[in-house]
Amino acid sequence: MEIDTLDQQVIHALRINGRAGYREIGAVLGVSDQTVARRYRKLREQAGLRVVALPNPLTLGQEMWTIRLRTAPDAATTIAAALARRRDTVWVSLTSGGTEISCSVRVPATADWESLLLEKLPRTPRLVSVTAHCLIHQFSGGATGPDGRDQALTGEQIEALTPERLPGHPQLTDADQTLIDALARDGRLGYTELAAATGWPESTVRRRLRDLLGTGALFCDVEIDPDALGYRGRVMLWLSVAPSRLAEVGAALAAHDEVVFAAATTGPTNVTATVVCQDMAGFYRYLTEKIGRLDGVERVESAPLVRHVKQVGSIN
């Protein structure tokens, strides 16, 4: 599909405030709420747009791990699908021609992380190797906010759409799980639908969701098919960076329009990033003209993203 300026504005608006109403978005963009609703439905149907609301690991003290699994070629799809069905996997992707899986796992900081990570892996001899990297600092993507490609709105429009922040310490309870599960499928569900999913009164849902979003316990993210936006060169990067240059390189990556996610990690490589370019020729230019000029980058490993099995929300 062709994505025009108004489509880009709607996408950017949803990244700023995933639960903003059509009327609220329309008022900021200078169009009617019916126009926003039509564009939203078109983007859902033709570009795979989905808004989800997820626990915010940055405010809740949760640990995030990136796991790389090398498999036999005929086993990757099955193993990836099993991982995608888990509640604690945030995204799952096939890379390297379908012989490798990359996935992100959310683990409570107080948990026995080693046993939790091992329990997530299907028991199969088709799994060749596993490496796990703990994310120790996130530079861009996810809960840090919109990435560098989101430039459709003005500063004034962004300010008008930015949700109100509430005082208080972000905290989830076991009772919130059914609400979180529903929002992980569709972050724009109405209060009536969320009340039906949780069994709570609508007033309770409205109040609890306001608290969770306002204190930062939950954040909204947007899924969209990169192909629909013209980005066919999608690559995972693992960089070895001199420790003295780690913060500098991370800040540079966060400023690159091509980078949708970047974080410092443990392991033999200490920075991971997800890059989207128009095509692989564009990725070559990015690699040589931007990554190649960063002081402190000692080694680069890359793997083309073949397919997202799971992006940020739960699979339906």
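All of these numbers come straight from a predicted model, not from anything done at the bench.

### Quick word on the packing of aromatic side chains
Moving on, step 1. If you walk through the whole model with that rule in mind, you get 1 aromatic pair.
Moving on, step 2. Judged by centre distance (5.8 Å) and plane angle (50 degrees), the ring pair of Y22 and Y40 falls under tilted. Residue Y22 is found in helix 2 (residues 22-29), and its partner Y40 is found in helix 3 (residues 33-47); the two are separated by 18 residues along the sequence.
Moving on, step 3. Given a relative accessible area of 29%, Y22 falls into the partly exposed group.
Moving on, step 4. Residue Y40 is classed as buried on the basis of its relative accessible area of 6%.

### With respect to the pattern of salt bridges
Moving on, step 1. Within the structure shown, the criterion is met by 18 salt bridges.
Moving on, step 2. One salt bridge in this structure joins D4 and R39, with 2.8 Å as the shortest N-O distance. Of this pair, D4 sits in the segment before helix 1 (5-16) while R39 is found in helix 3, placing the two residues 35 residues apart along the sequence.
Moving on, step 3. You can call D4 partly exposed: its relative accessible area is 29%.
Moving on, step 4. Notably, a salt bridge pairs K290 with E258, separated by 3.1 Å at the nearest N-O pair. Here K290 is found in the loop between helix 12 (280-289) and strand 10 (297-310), whereas its partner E258 is found in the loop between helix 11 (246-255) and strand 8 (259-265), with 32 residues between them in sequence.
Moving on, step 5. With relative accessibility at 31%, the residue K290 sits in the partly exposed group.

### Description of the sheet that holds strand 10
What links the strands of a sheet is backbone hydrogen bonding, and the strands pair in either a parallel or an antiparallel sense.
Moving on, step 1. Pairing is antiparallel in the closed barrel, where 8 strands are placed in the order 2-4-3-10-7-9-8-5. In this sheet, adjacent strand axes meet at a mean angle of 35 degrees when their direction is disregarded.
Moving on, step 2. In terms of strand pairing, strand 3 (residues 89-95) meets strand 10 through 4 bridges, oriented antiparallel. Residue pairing for strand 10: L94 is matched across the bridge by R307.

### Some thoughts on the packing of helix 2 against helix 3
Moving on, step 1. For the pair helix 2 and helix 3, interaxial distance at closest approach is 8 Å and the crossing angle is 110 degrees. Classified by the angle their axes make, helix 2 and helix 3 are roughly perpendicular. The residues of helix 3 that touch helix 2, namely those facing Y22, R23, I25 and G26, are D33, V36, A37 and Y40.

### Details of the pairing of strand 8
Moving on, step 1. When you tally the buried positions in strand 8, you get 7 out of 7 residues, the bulk of the element.
Moving on, step 2. Looking at chain direction, strand 5 (residues 127-140) and strand 8 are connected through 4 bridges and run antiparallel. Bridge pairing in strand 8 links Q138 to A263.
Moving on, step 3. Here 5 bridges tie strand 8 to strand 9 (residues 271-277), and the two strands are oriented antiparallel to one another.

### Considerations on the environment of A82
Moving on, step 1. Its location among the elements puts A82 in helix 5 (residues 76-84).
Moving on, step 2. Relative accessible area serves as the criterion here: at 25%, A82 is assigned to the partly exposed category.
Moving on, step 3. Between the alpha carbons of A82 and V309 there is a distance of 10.0 Å; along the sequence they are 227 residues apart.

### Considerations on helix 8 (residues 177-185)
Moving on, step 1. Considered for burial, the residues of helix 8 that qualify are L179, I180, D181, A182, L183 and A184.
Moving on, step 2. On the buried face of helix 8, the contacting elements are strand 1 (50-55), helix 9 (191-198), helix 10 (202-214) and strand 6 (218-223).

### Considering the nonpolar core
Moving on, step 1. By size, the foremost hydrophobic cluster in this structure holds 22 residues, and its most contacted members are L14, I25, L43, L49 and L161.
Moving on, step 2. At the level of secondary structure, the elements contributing two or more residues to this core comprise helix 1, helix 2 and helix 3.
Moving on, step 3. Top contributing element to this core by residue count: helix 1, with 6 residues.
Moving on, step 4. Residues L246, V275, F283 and I291 belong to the second largest nonpolar core, which totals 21 residues.

What counts, and where the lines are drawn
Residues numbered from 1 in each chain as written. Predicted model: local features only at pLDDT ≥ 70, side-chain atom pairs only at ≥ 80, totals over all residues. Heavy atoms only, no water. Phe/Tyr/Trp six-rings, centres within 6.5 Å; stacked < 30°, edge-to-face > 60°. Helix = DSSP H or I, 4+ residues; strand = E, 2+ residues; numbered from the N terminus. Buried < 20%, exposed > 50% of the residue type's maximum accessible area, 1.4 Å probe, protein only. Salt bridge = Lys/Arg side-chain N within 4 Å of Asp/Glu carboxyl O. Pairing = 2+ DSSP bridges. Axes fitted to C-alpha atoms, helices over the stretch in contact; angles between N-to-C directions. Parallel < 35°, antiparallel > 145°, perpendicular 65-115°, else oblique. Contact = heavy atoms within 4.5 Å. Core = buried A, V, L, I, M, F, W, Y, C linked by side-chain atoms within 4.5 Å.

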